[in-house]
Amino acid sequence: MSGKSGIFHSLRHLWGDLAEAAHDRLRLFANEAEEARIRLMGALTSALLALFCLMMALFLSVVFLLLLFPEHQLALAAVLAVVFFLAALLLWSVSRANFSREKLFSASIAELKEDVRALRGANTPPSDAP
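Residues numbered from 1 in each chain as written. Predicted model: local features only at pLDDT ≥ 70, side-chain atom pairs only at ≥ 80, totals over all residues. Heavy atoms only, no water.

**Side note on the overall build of the protein chain**
Counting its secondary structure elements, the protein chain contains three helices and zero strands. Going residue by residue from the N terminus, the α and β elements of the protein chain occur as α-α-α. Looking at the protein chain as a whole, 5% of its 130 residues qualify as buried. Look at the contacts in the protein chain between residues 6 or more apart in sequence, and 55% of them connect residues 24 or more apart. Surface exposure of the protein chain reaches about 11000 Å², of which carbon and sulfur atoms provide 72%. (Helix = DSSP H or I, 4+ residues; strand = E, 2+ residues; numbered from the N terminus. Buried < 20%, exposed > 50% of the residue type's maximum accessible area, 1.4 Å probe, protein only. Contact = heavy atoms within 4.5 Å. Areas by Shrake-Rupley, 256 points an atom, 1.4 Å probe, with all protein chains shown as cover.)

Here is the structure:
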């Protein structure tokens, strides 16, 4: 009977360890999700405020230039439109590069891969398939 109770005790202990590991991984995932949310909200708030200030400055600059050179208003408006379009393209590419820089939940994924490696044995490399 002590053999069965030893096996059941070991299985209970194993399930407890697995549950604790899952709990730790979920807490890590939740922390990363919260950090990502806070970072995103801060970035969006700053970006919107910067965009508002930039638009006001650009608007006032264009009005100033058009009033400063009334005889060349049409040519000046065309040049400014091209400059703003090129600046928008440049800023769009920079923005896309910033958003694709870091993978979300990379620490959680690394920890889960390490868990899989540990459970399979030290000699078996983890697969990269999701």
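**So, a nonpolar patch on the surface**
A cluster of nonpolar side chains, Ile7, Phe8, Leu11, Leu14, Trp15, Leu18 and Leu119, forms an exposed patch at the surface whose accessible area comes to about 760 Å². For the nonpolar patch, the element with the most residues is helix H1 (residues 2–68), which contributes six residues. With respect to the helices, strands and loops of the structure, Leu11 is situated in helix H1. (Patch = residues over 30% accessible without salt bridge, like charges linked within 9 Å, V, L, I, M, F, W, Y side chains within 5 Å. Salt bridge = Lys/Arg side-chain N within 4 Å of Asp/Glu carboxyl O.)

**Description of helix H3 (residues 106–120)**
Count 3.6 residues to each turn of an α-helix, and residues three or four apart come out pointing the same way. Helix length check: H3 (15 residues) gives 21 Å between terminal C-alpha atoms against 21 Å at 1.5 Å per residue, within 8%. Remark: Gly121 follows H3 within two positions and exhibits a positive phi of approximately 120°. (Expected span 1.5 Å × (residues − 1).)

**Here we look at the confidence of the model for the protein chain**
Across the protein chain, pLDDT averages 82, with 88% of residues at or above 70. Per-element confidence in the protein chain is highest for helix H2 (residues 73–99), whose mean pLDDT is 88, and lowest for H3, whose mean pLDDT is 77. (pLDDT = per-residue confidence, 0-100.)

**Quick look at the pattern of salt bridges**
Evaluation of the coordinates by the stated rule reveals three salt bridges. Arg27 is the partner of Asp24 in a salt bridge, and the nearest nitrogen-oxygen pair spans 3.9 Å. Residue Asp24 and its partner Arg27 are both found in helix H1; the two are separated by three residues, about one turn of the helix. In this structure, Glu114 engages Arg117 in a salt bridge whose closest nitrogen and oxygen atoms are separated by 2.5 Å.

**Quick look at the side chain of Glu32**
Along the polypeptide, Glu32 turns up in helix H1. Look at Glu32: it is buried, it has no salt bridge, and the nearest opposite charge is Arg39 at 7.2 Å. When sequence neighbours within four positions are dropped, the list of residues in contact with Glu32 reads Phe105, Ser106, Ala107 and Ser108. (Lys, Arg positive; Asp, Glu negative; His and termini not counted.)

**Section: the environment of Glu114**
The residue Glu114 is located in helix H3 in this model. There is a polar contact of 2.5 Å between the side chain of Glu114 and the side chain of Arg117. (Polar contact = N/O pair within 3.5 Å; in protein donor to acceptor, adjacent residues only side chain to side chain.)

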